[in-house]
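Residue strings, one per chain:
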Amino acid sequence: MTDRYDALIIGAGHNGLVCAAYLAKGGQKVLVLERSEQVGGAAITREFAPGFKVSACAHILHMLQPKIVRELKLKTHGLNLNGPPIETISLAADGNKLTICRYNIEGAEVSDTDKVAYTRFIKRMERHARALAPQLLKTPLRLANAGFGNVIKLAGMGWDIRFGLGKKRMRDFLRIIGMNIHDLLDEVFESEALKGALALDAVLGTAMEPRMPGTVVTYLYRLAGGLKSIPTLPMGGMGSVTVALADAATSFGAEIRTAALVETVLLEGGCAVGVVFAGGEEVRAPTIISNADPKTTFLKLVGARNLEAGLAHRISNLRTSGRAAKLHMALNSLPDFTGLEQDALGNRLVIAPSRKYLEHAFNHSKYGEFSAAPAMEITIPSLADPSLAPAGKHVLSAIVQYAPYDLKGGWDAQKDTFVERVVDVISAYAPDFRDKITTVECLTPVDIEREFGMTGGHWHHGELAIDQMFMMRPTYGTAQYRTPIDGLYLCGAGAHPGGFVMGAAGHNAAQAIIAGDK
Amino acid sequence: MNKYDAIVIGAGHNGLTNAAYLAKSGLNVLIVERNPYIGGATVSRELYEGWTYTNCSYVSSLLRPEIYRDLNLARYGLQVVPFGGGATLTQSGDYLGSYTNHEVKRREFARHSLHDADAYERFSTDVMRYCRFIRPFLLRTPADPTSFKPKDLSELFFLGKNLYELGEEELYEFIRFFTMSVAEFLDQYFESELVKAALSGSGLIGTALGPYSPGTAYVLLHHYMGDIDGNVGAWGFARGGMGSLAKALAGALQEHGGELRTDAPVAQIRVRNGRTKGVVLESGEEIDAPIVVSNLDAKRTFLKIMDQKDLPDEVVERAQNFKIKGSSGKLNIALDGLPEFPQFPVGCPLIKGDLHITENFEQLERAYDDWKNGTWSKWPYVDMMIPTLTDPTMAPPGKHMMSVFVQYCPAKLADGDWTPDKREAFGQTVIDAIATFSPNFKDLILHTEVRTPHEIEAEVGLTAGNIFQGDLSFDQLMFNRPFPGYAQYRGPVKGMYMCGSTTHPGGGVMAAPGANAAREILADLGRENITPEDFGDD
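Procedures and definitions
Residues numbered from 1 in each chain as written. Chains lettered and ligands numbered in written order. Predicted model: local features only at pLDDT ≥ 70, side-chain atom pairs only at ≥ 80, totals over all residues. Heavy atoms only, no water. Helix = DSSP H or I, 4+ residues; strand = E, 2+ residues; numbered from the N terminus. Rg over C-alpha atoms; globule rule 2.2 N^0.38 Å. Buried < 20%, exposed > 50% of the residue type's maximum accessible area, 1.4 Å probe, protein only. Contact = heavy atoms within 4.5 Å. Domains from an automatic or database assignment. Buried area = accessible area lost by both parts, 1.4 Å probe. Salt bridge = Lys/Arg side-chain N within 4 Å of Asp/Glu carboxyl O. Polar contact = N/O pair within 3.5 Å; in protein donor to acceptor, adjacent residues only side chain to side chain. Core = buried A, V, L, I, M, F, W, Y, C linked by side-chain atoms within 4.5 Å. Pairing = 2+ DSSP bridges. Axes fitted to C-alpha atoms, helices over the stretch in contact; angles between N-to-C directions. Patch = residues over 30% accessible without salt bridge, like charges linked within 9 Å, V, L, I, M, F, W, Y side chains within 5 Å. Areas by Shrake-Rupley, 256 points an atom, 1.4 Å probe, with all protein chains shown as cover. Lys, Arg positive; Asp, Glu negative; His and termini not counted. Charge placed at Lys NZ, Arg CZ, Asp CG, Glu CD.

**Student:** Can you lay out the overall build of chain A for me, pointing to particular residues and giving the numbers?
**Tutor:** Regarding its fold elements, chain A presents 15 helices and 18 strands. Taken against the 2.2 N^0.38 rule, which gives 24 Å for 518 residues, the C-alpha radius of gyration of chain A at 22 Å falls within 12% of a compact globule. Taken across its 518 residues, chain A has 63% of its residues classed as buried. Residue pairs in contact within chain A that sit at least 24 positions apart in sequence constitute 72% of those at least 6 positions apart.

Given below as structure tokens:
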């Protein structure tokens, strides 16, 4: 009997769909299996109150790789990237806001020295980011036990960095990658407001605060992913990206089955040969690709007993506890942010007035509490895209840090207090805010885990920290998308280069699978 | 003609080591020290009659055995006596003992967790494996990864080869290890909060990071790399206090004809036409020599005793940005008798070792939060010991001396500079913490010397009181220590060198930077290498 499909992809998140599209484009018969009714995984647009729609998790598109948009012709499949470009505005309670554009900053409180320093700083950082960027769309190297080819590749990578950057910049690069963002910013800037806003970029979505070594890496990583794109709010919300991806994949011949909950990966003789659904039905294919996070893939779908002990141990030791919550609010009209014009509200508004603020917000999460004064990234997507809310009304979407997955005392009892806390904090910047709210939806890491199946409610399917990056993502031996189980591959954010709505992991996995087929 | 071939600034243990090797090679060497006594932070002083305090560094382990043998330090009176284990005390009245006897230690761990007793075997095997990997690099000059010089390429190749030979699994675990926090690292092995907290202390000592901060796993390793008589990871007391170490090094120096001048603070390193000419003392006296070696930290060297005109801008900027945070304090206490620790059974040998106060990561992390907020830890991590139980020469018969290392204590306070009152309050916090475990402790105190980073900086000359002469974070290790491009002991001016802990492999009374710098100086002079290289014991 021949299998009907060449490849099965578990999960129709954006990476699963990218992977499906590339494989189908390469001539493979692909079936994508999605447990919910809707494709998109966490990159969906959902209605949280009658007439109010919002991007469920990530809400700003700033890293979707242009190569993928181009090669999969996503624009012809309905992706609209014509939303207004957005800048970052760091809110201040006294209305003295700070606007951070790509190469310059505006703000009354910032000195001219800092303005000049900012342009120099961002160019220096972008140069370093450019040394990292080519790695994002490549399969990470495997060190040792992997033949001469990899040694050559490694030497090539060293060569690229050495000659791409030059001696002086390479030295700078090798120094700052080990640093924390707190100290790096101190070397360059005077203004604490500026330092706070920039430090937020280094710690957003992580379990880190600015003084932790490794935060310069996360900062550079964010820059590297976004070098070639302009941050924007996708028209129709994040779901429009995955809808376009699904459309592209099916146009290449991929099939998508929704409401298909995969319970186990079928193994025969240690090889993955198919999947079993919750109802007991089996589908077989020689290649099984998981878009689920590594813990779900290895510990649930495959099962720890089918893994070599060392791998099982490493996978269970992955750090996957999310510390960011997502808040959605239906507003009956626009709130009045102190010192902010109405047309500025469409930008990315951040609450990170100082590094100390971030540090103190983080301190609580270390001890299993949520932040007394959380840091936030806020968007009001309905300004650029009125289809997201009833006429005249608005949607506010906020990423709130820190809200630890393993909250002491549990989330059920404390979610309301947390929401109150967030409303209080926003109200300090927009005094009439509370009166405008008609509905609130709060997704804590626990809700995110429950709804989207990400272990620990972590958006990146596992902490993006230097020890879980590149050839160690999710863990060595599985970082090249291939797993020790023949026929089983990873294509999700848990693999290199991690989450964000980048599509890179799906792209790289597809390339690795196609290359392996030859 | 110059009277001296080389001048070494600062008679700390690295300066002495460096000078001793240069002298041994036949150079005319002068070492100048600003204090009336030698040793820098490896010093013993009598600040209370009859009691010898080891004022700063208080235990020895990392001192490279090759240097000990090479310079014949035993002959000049250095004897390191291992101390027996130690314990971590908890507020609930329990403790975790760390015995030197393997079986007893295992039983003690098993008393807290059977799982952890087994895990400890894996843990120590792994840590020892990393140590064995690192140790050869302590006495090697770090390669410059941006250079194509044959020496750098061969050094890089040596590193690559060593890494490759680890095998895939070890290699990755090793790379991860460097970037992990000590908490994550220990979480992989242990379940007991107390066991984890007790073992994490080595990852924090002298460091401005908490147990949850990435990079602290390496600091733990840094403290495990030493040995006493071949017992890797063991720590001991230098008989007569840490000052004996400096005295022995000075003995070796003088034996080889080196000269030593105390009370001779250097005002400036003289540079002419891009070359060092010698030094000017604060007294105005000029001493000439074609080679000047600084044992001071990078900030002091480049920003205080060198003229910015003589330096490339890049070096000045790097020195300004050099990370050197003070995070530790120290109490030296003269005791009228032996304090009681009722937690221990009668006759328990653990009191002879290092005693710690901590019980879980949260407590340690909160102590670090205090530091970040610009105050000393309200419930500090304490590493206290009573060396007089092992070495009775340090106090009159029947009396005792206690050395208390305290983490965390900031160099700058949120409410302004240190004042004598604040220093006393800091000391009181520590004494109160100890007194909760020892009821008669306060009554026995005859005299206390309290040292915050402020005192350490003022007396010893370590910027911000940082005991490692610069943070041991990845951006300041190996080829980045003290700065990229200047990690091979050579300064930016011809004839100027660095030999302090501010260079690779960092602090901890290893004497390795001093020896490594001597090797580079001798190479530049075209002289035969007489310093140890690589690791000879494994």
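**Student:** Pulling in residues and values, what's your account of the domain arrangement of chain B?
**Tutor:** Residue and element names in this part refer to chain B. Structurally, chain B comprises domain 1 (6-79 + 239-322 + 469-534), domain 2 (84-113 + 328-409 + 412-451) and domain 3 (127-230). Placing a centre on the C-alpha atoms of domain 1 and another on those of domain 3 gives a separation of 25 Å. Across the interface of domain 1 and domain 3, roughly 2,300 Å² is buried in total on both sides, 61% from carbon and sulfur atoms. There are one salt bridge connecting domain 1 and domain 3. The salt bridge partner of Lys 151 is Glu 520, with a shortest N-O separation of 3.7 Å. The interface formed by domain 1 and domain 3 holds 10 residue pairs in polar contact (both at pLDDT 80 or more) in total. Of all the secondary-structure elements, those providing two or more residues to the side of domain 1 that touches domain 3 are helix H2 (65-70) and helix H17 (512-524). In terms of residues, the side of domain 1 that touches domain 3 owes the most to one element, H17, which gives five residues.

**Student:** How would you sum up the domain arrangement of chain A? Please name residues and give values.
**Tutor:** Residues and elements named next belong to chain A. The domain architecture assigned to chain A consists of domain 1 (7-41 + 61-80 + 234-319 + 454-517), domain 2 (112-225) and domain 3 (324-452). The interface of domain 2 with domain 3 comprises 22 residues on the first partner and 16 residues on the second. Here domain 2 packs against domain 3, burying approximately 1,400 Å² in sum over the two surfaces, 57% of which is carbon and sulfur. Three residues stand out in domain 2 for area buried against domain 3, namely Leu 200, Leu 204 and Glu 209, and they jointly supply 33% of the buried area on that side. Where domain 2 touches domain 3, the interface holds four salt bridges. Residue Glu 359 is joined to Arg 211 by a salt bridge in which the shortest nitrogen-to-oxygen separation is 3.0 Å. For the pair domain 2 and domain 3, the number of links is nine residue pairs in polar contact (both at pLDDT 80 or more). Among the secondary structure elements, those contributing two or more residues to the side of domain 2 that touches domain 3 are helix H5 (181-188) and helix H6 (192-203).

**Student:** Which residues make up the nonpolar core, and what are the values?
**Tutor:** Counting residues in each nonpolar core, the largest one holds 102 residues, and the members touching the most others are Leu16(B), Leu22(B), Phe123(B), Val127(B), Phe185(B) and Phe190(B). If one sorts the elements of this core by residue count, helix H4 (residues 114-138) of chain B sits on top with 12 residues. Contacts of Phe123(B), omitting those with residues within four sequence positions, involve Phe185(B), Leu186(B), Tyr189(B), Phe190(B), Leu199(B), Leu220(B) and Tyr224(B). Core analysis: the next-biggest nonpolar cluster, separate from the first, contains 100 residues, Phe121(A), Leu185(A), Leu204(A) and Leu407(A) among them.

**Student:** Describe the sheet that holds strand E15 (residues 375-379) of chain A, and please don't skip the residues or the numbers.
**Tutor:** All names here are of chain A. Spatially, E7-E6-E5-E14-E15-E16-E13-E17 is the arrangement adopted by the eight strands of the open sheet, whose pairing is mixed. For this open sheet the edge positions go to strand E7 (105-106) and strand E17 (437-443), each flanked by a neighbour on one side alone. With six bridges connecting them, strand E13 (residues 324-331) and E17 associate as antiparallel partners. Across the sheet, the residue bridging to Lys 326 is Leu 443, located in E17. Lying on the sheet, helix H12 (residues 415-429) is in contact with E13, strand E14 (348-351), E15, strand E16 (394-401) and E17; it crosses E13 at an angle near 70 degrees.

**Student:** Just give me the short version of a positive patch on the surface, but keep the residues and values in it.
**Tutor:** All names here are of chain A. Taken together, the side chains of Lys 123, Arg 127, Arg 130, Lys 168 and Arg 169 define a basic patch exposed on the protein surface. Elements supplying a minimum of two residues to the positive patch: helix H3 (112-136) and helix H4 (147-176). It is H3 that provides the largest number of residues to the positive patch, a total of three residues. Here Lys 168 lies in helix H4.

**Student:** Before we move on, can you summarise the pattern of salt bridges with the specific residues and values?
**Tutor:** Inspection of the entire model under this criterion finds 64 salt bridges over all chains. With a shortest N-O distance of 2.7 Å, Arg348(A) and Glu377(A) are connected by a salt bridge. One end of the pair, Arg348(A), is in strand E14; the other, Glu377(A), is in strand E15, with 29 residues separating them in the sequence. Pair check on accessibility: Arg348(A) and Glu377(A) agree, each one buried. Across the pair Glu457(B) and Arg300(B) runs a salt bridge whose closest N-O atoms are separated by 2.9 Å. With Glu457(B) in helix H16 (residues 453-460) and Arg300(B) in helix H11 (residues 298-303), this residue pair connects regions lying 157 residues apart in the sequence. A residue is classified by how much of its surface remains accessible, and Glu457(B), at 25% relative accessible area, is partly exposed. The network of salt bridges with common partners includes Asp186(A), Glu192(A), Lys195(A) and Arg355(A).

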